[in-house]
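# Examination of the molecular architecture
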Amino acid sequence: MNNNKIWKVLIIIVFIVVLILGFYIGYNVFFLDDEDILMIDEEREILNNKLSEIGSPLGLMILVDGIDSWGNVKKFELRKNINLIEDEENRQLFVMEYILTYQDNYNKFIILDRIQKNILDDISPTDDDVLAYLGYDDFNNYYKDLFGHDFDIINSKKGGTLYDNKYIYYDNRRSLLNGLYVPMMMVREIKYENGCFVADIDVQYSEMARKILGYDSDSATIIYNRNSDDNIILKSLILN
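Residues numbered from 1 in each chain as written. Predicted model: local features only at pLDDT ≥ 70, side-chain atom pairs only at ≥ 80, totals over all residues. Heavy atoms only, no water.

It is worth spelling out the environment of Gly 66 at this point. Tracing the backbone through its elements, the reader meets Gly 66 in helix α2 (residues 34-73). Sequence separation of Gly 66 and Arg 79 is 13 residues, and the distance between their C-alpha atoms is 6.2 Å. Excluding anything up to four places from it in sequence, Gly 66 contacts Phe 76, Glu 77 and Leu 78. (Helix = DSSP H or I, 4+ residues; strand = E, 2+ residues; numbered from the N terminus. Contact = heavy atoms within 4.5 Å.)

What follows is the structure, given as structure tokens:
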């Protein structure tokens, strides 16, 4: 191929690239109207409001997941690039901690002595050295609102008592955290792709977590959609 032909091919390629870029810019200018932009802005606000409710228990789950993997890697690291709420036990812990953000729910738990398995009165489900259970329906109401389907009690984490058949075990991991927590999650950007909302999230860590991890924050991706009642249904949470 001589030089003239090469230049003609290059000019055609450049023309095609410019044409594609022009179409993309034109589409966003002329077809992405104010209503679409407003929808994304509103969605960001809605998700930020939801994160203000579930951010703390979601953050606790993220950190506990890291502690659980600590034994494998011999140091505290958070798992990246995997869907952390695909794991049923992670979802169980997250929903339990969310339920416990409401003080009125504390008296719904059955609390047992860890040794004798006797029922204890006037004890908090978050106390150390106790076994705590919540009725399936009470647990499932919250779980279904968050994930859009019923909780699988058969594959749930168990406490090793007869209550495991009809109740959901609360695996209290708070004593392991010792200053590790997520004080804030904030939405940076939301897109709508393949029938779901895809949110870019900033996850901030506590001072103790920062010292151990060696950094202040992570970016994360939350994928979710809406049910018929317009409630947010979580699909995935991935630390990037």
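This part covers the sheet that holds strand β6 (residues 217-226). Taken in spatial order, the four strands make up an open sheet running β4-β5-β6-β7, and their pairing is antiparallel. Edge positions in the sheet fall to β4 (184-193) and β7 (232-239), since each of these pairs with one other strand and no more. For this sheet the average axis-to-axis angle between neighbouring strands, irrespective of direction, equals 25°. Alignment of β4 against strand β5 (residues 196-204), held across nine bridges, turns out to be antiparallel. Looking at β5, one finds that Lys 191 is bridged to Val 198. (Pairing = 2+ DSSP bridges. Axes fitted to C-alpha atoms, helices over the stretch in contact; angles between N-to-C directions.)

Here the focus is the environment of Asn 118. Relative to the assigned elements, Asn 118 resides in the loop between β1 (110-113) and β2 (130-135). You can call Asn 118 partly exposed: its relative accessible area is 44%. With 13 residues separating them in the primary sequence, Asn 118 and Leu 131 have C-alpha atoms 9.7 Å apart. Apart from residues no more than four positions distant in its own chain, Asn 118 is found in contact with Ile 111, Leu 112 and Asp 113. (Buried < 20%, exposed > 50% of the residue type's maximum accessible area, 1.4 Å probe, protein only.)

This brings us to helix α4 (residues 136-147). A rise of 1.5 Å per residue sets the reference length of α4, with its 12 residues, at 16 Å; its end C-alpha atoms lie 15 Å apart and thus fit the reference within 8%. Taken together, the buried positions of α4 are Phe 139, Asn 140, Tyr 143, Leu 146 and Phe 147. What you see down the axis of α4 is that its buried residues fit within an arc of 125°, all on one side. Positive backbone phi, approximately 80°, marks Gly 148, located one or two places after α4. (Expected span 1.5 Å × (residues − 1). Arc of directions from axis to C-beta.)

In this structure the tally under the stated criterion is 15 aromatic pairs. On the basis of an interplanar angle of 45° and a centroid distance of 5.0 Å, the ring pair of Tyr 143 and Phe 147 is categorised as tilted. Placement of the pair is Tyr 143 and Phe 147 together in helix α4, with a separation of four residues, close to one helical turn. We classify Tyr 143 as buried; its relative accessible area is 0%. (Phe/Tyr/Trp six-rings, centres within 6.5 Å; stacked < 30°, edge-to-face > 60°.)

Purely geometric numbers; function is a separate question.
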